[in-house]
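The primary structure of each chain is shown beneath.
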Amino acid sequence: YKAVDTSLRRTVALKVLNRERVPDERAIQQFVREGELAASFSHPNVVAFVDAGCENDQHYIAYEYITGLSLYDLIKKQGALDVNLGLSIIQDVSMGLLAAHQKGIIHCDIKPQNIMITEQNIIKLIDFGIAALSGEAKAAGTAVALSQMDDEGEGQTGIIGTLVYAAPEQNQGQLVDTFSDIYSLGLVFYEIFSGKRVLRAGPPKMIILQQLTLMGKLQPIHEVNPKAPPALDEVIRNMLSPRTTDRYKSAVELVEDIENKLPKPDLSKQSELWKAKELAQLELSETYYWSAVNAIHEGRFMDALLQFDRLLTLKTDLLTNYIKNVRKELVFFFWRLHTNYRGWDDNVEESTADKRLDVDTYLLVLQRLGYILSKLQMDVYIPILEKRISLVLRDCETDEHRLKYFRSFLACCPFFSRSVILLADYLDACRRTGATNEMNGIMGYLAANLEGEGLLPSAQY
């Protein structure tokens, strides 16, 4: 789940144990151990652990929430990747895997779906959900059957990993170790530069047979992709040998060969990395927009604002793709918000909608809405918003309560400082509470900034 850490107000990826699906004690132990393994090390190229625990008999693990694009999605869209991008990915993933192996942790489920390119162009290895400690047995079929994948790479991950990316010994239920991860990573390396998956889905016995005869049939990568460095063939052969004794013995050897035998990626311009980021942001913009629309129609106003905020953080040229629809949805949002506050909104399911907003929450939402309207240059709606705020402020219990919000609006939303309606109400609240100095300060501001423009003639006072 995508969740919010309420202590630090940050978004996290929350993983929970579905006890109805796997109620046995072994599954609980495996889940708890995942949290322990995740907490035992950190590396820039590995998804970061945040927290783990059990509350109301619900076991959970929180990881950093990554926004970006998976390697699987990138290859599916582009085919074989640019050489510089591919070299950068294999270097970073190998370093992340080395960090895990040095802690004695085996991933057991390396595949393109578990490699992410973040918005900041950082390569991260994710999902250590079925990780094992070095030397432990992972017997096939003892708990969950081997998972298979269709021709598009879709499929569920079982307790021992995804069959078409698992090492031969893993598929045969033998002991797994660091060399098993190296085999899986070799399949990913080949896919990065060829644009095609090495093994096709099928019955387990057929997959194992493909693996045992793979080296005699696998076309050298530099023949499939002439731009790929020839030295990559030797690296991949040392990763994909069906016999564990013929593979790299450790990720240390793999990283050394990558460093010594492969050309260094040209990251000065990072052209392909930035293209990947652009692609990731485009997909994010679609996600944020439709999440906001769904939240509005379901009456989840705070969540809708959060999604609009995220949409506004993306590049302007991406935002223009949605600007017309965003404006329309914000007008609808404005109406739904007020009907909720006044208690007129009876058509929304209680299970999804926010409860009827109190005056404090409503004013905070209006404040944030004003910022978004201003940024989208929807100035025609600002006077309507100002009038709505003025009316709602009258629902505050005391003038001191109102003053708090006047100060907040002027501090957080500078465009409200030109609102005749709000400034007049602000002065009136100061007069009634005896806040003389504050009132004089506002009058001085009016004289210096607004009177000369004819927006607020002093004759009104």
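For the structure given in this document, a descriptive report is provided here.

Calculation notes
- Each chain carries its own residue numbering, running from 1 in the direction its sequence is written.
- At least 70 in pLDDT is required for a residue's local features to be given in this predicted model, at least 80 for side-chain atom pairs to be given and counted, and no such filter applies to totals for whole chains, interfaces and linings, which use all residues.
- As a rule here, side-chain values cover all heavy atoms of the structure and leave hydrogens and water aside.
- When DSSP finds two or more bridges between a pair of strands, those strands are recorded as paired.
- Numbering goes from the N terminus for both helices and strands, where a helix is a DSSP run of H or I of at least four residues and a strand is a run of E of at least two.
- Fitted lines through C-alpha atoms serve as axes, helices being fitted only where they are in contact, and the angles separating the N-to-C directions of these axes extend from 0 to 180 degrees.
- Contacts between residues were defined by any pair of non-hydrogen atoms, one from each residue, lying within 4.5 Å.
- Buried residues are those whose accessible area, probed at 1.4 Å on protein chains only, stays under 20% of the maximum for their type, while exposed residues exceed 50% and partly exposed ones sit between those limits.
- Whenever a carboxyl oxygen of Asp or Glu lies within 4 Å of a side-chain nitrogen of Lys or Arg, that contact is scored as a salt bridge.
- An angle below 35 degrees is read as roughly parallel, one above 145 as roughly antiparallel, one from 65 to 115 as roughly perpendicular, and any other as oblique.
- Residues were grouped as follows: Ala, Val, Leu, Ile, Met, Phe, Trp, Tyr, Cys and Pro as nonpolar; Asp, Glu, Lys and Arg as charged; and all remaining residues, including Gly, as polar.

With that settled, the discussion passes to the sheet that holds strand S5 (residues 68-70). What holds strands together in a sheet is hydrogen bonding between their backbones, with the strands either parallel or antiparallel. Strands sit in the order S5-S7-S8 across an open sheet of three strands; the sheet is antiparallel. On the outer flanks of this sheet lie S5 and strand S8 (123-125), each paired with one strand and no other. Between one strand axis and the next, the sheet turns by 30 degrees as a mean value, whatever way the strands run. Examined bridge by bridge, S5 and strand S7 (residues 115-118) share three bridges and lie antiparallel to one another. When the sheet's bridge partners are listed, Leu-69 is paired in S7 with Ile-117. With respect to the sheet, helix H2 (residues 71-78) is in contact with S5 and S7, its orientation differing from that of S5 by roughly 75 degrees. Taken strand by strand, helix H3 (residues 83-102) contacts S7 and S8, and its axis lies near 40 degrees from that of S8.

We now examine unusual backbone geometry. Phi angles above zero are rare outside glycine, and Asn-56 is one such case at about 55 degrees. A relative accessible area of 73% means that Asn-56 is categorised as exposed. We note that Cys-108 has phi near 75 degrees; this positive angle belongs to a residue other than glycine. Classification of Cys-108 as buried rests on a relative accessible area of 4%.

So, on to the pattern of salt bridges. Under the defined criterion, the tally for this structure stands at twelve salt bridges. Here Arg-247 ties to Glu-169 by a salt bridge, and the two come within 2.9 Å at their closest N and O atoms. Linking Arg-247 in the loop between helix H9 (231-240) and helix H10 (251-261) with Glu-169 in helix H4 (residues 168-171), this pair joins segments that are 78 residues apart in sequence. Glu-169 matches Arg-247 in its accessibility class, with the two residues each being buried. Here Arg-432 ties to Asp-399 by a salt bridge, and the two come within 2.6 Å at their closest N and O atoms. With Arg-432 in helix H18 (residues 420-433) and Asp-399 in helix H17 (residues 399-412), this residue pair connects regions lying 33 residues apart in the sequence. Take Arg-432: its relative accessible area is 42%, and that puts it in the partly exposed class. With relative accessibility at 14%, the residue Asp-399 sits in the buried group. One network of salt bridges, in which partners are shared, links Asp-399, Arg-402, Asp-428, Arg-431 and Arg-432.

Relative orientation of the contacting elements helix H14 (residues 323-341) and helix H16 (residues 382-393) amounts to 10 degrees, with a least axis distance of 13 Å. With respect to their mutual orientation, H14 and H16 come out roughly parallel. On H16, the residues touching Phe-334, His-338 and Tyr-341 of H14 are Ile-384, Leu-385, Arg-388 and Val-392. Grouping the amino acids of the contact of H14 with H16 by side-chain chemistry returns five nonpolar, one polar and one charged.

This part is about the pairing of strand S3 (residues 49-55). As judged from the six bridges shared by S3 and strand S4 (residues 58-64), these two strands associate in the antiparallel manner. Bridge pairing in S4 links Cys-54 to His-59. Where S3 folds back onto S4 in an antiparallel hairpin, the turn is made up of two residues, including Asn-56, whose phi is positive at roughly 55 degrees.

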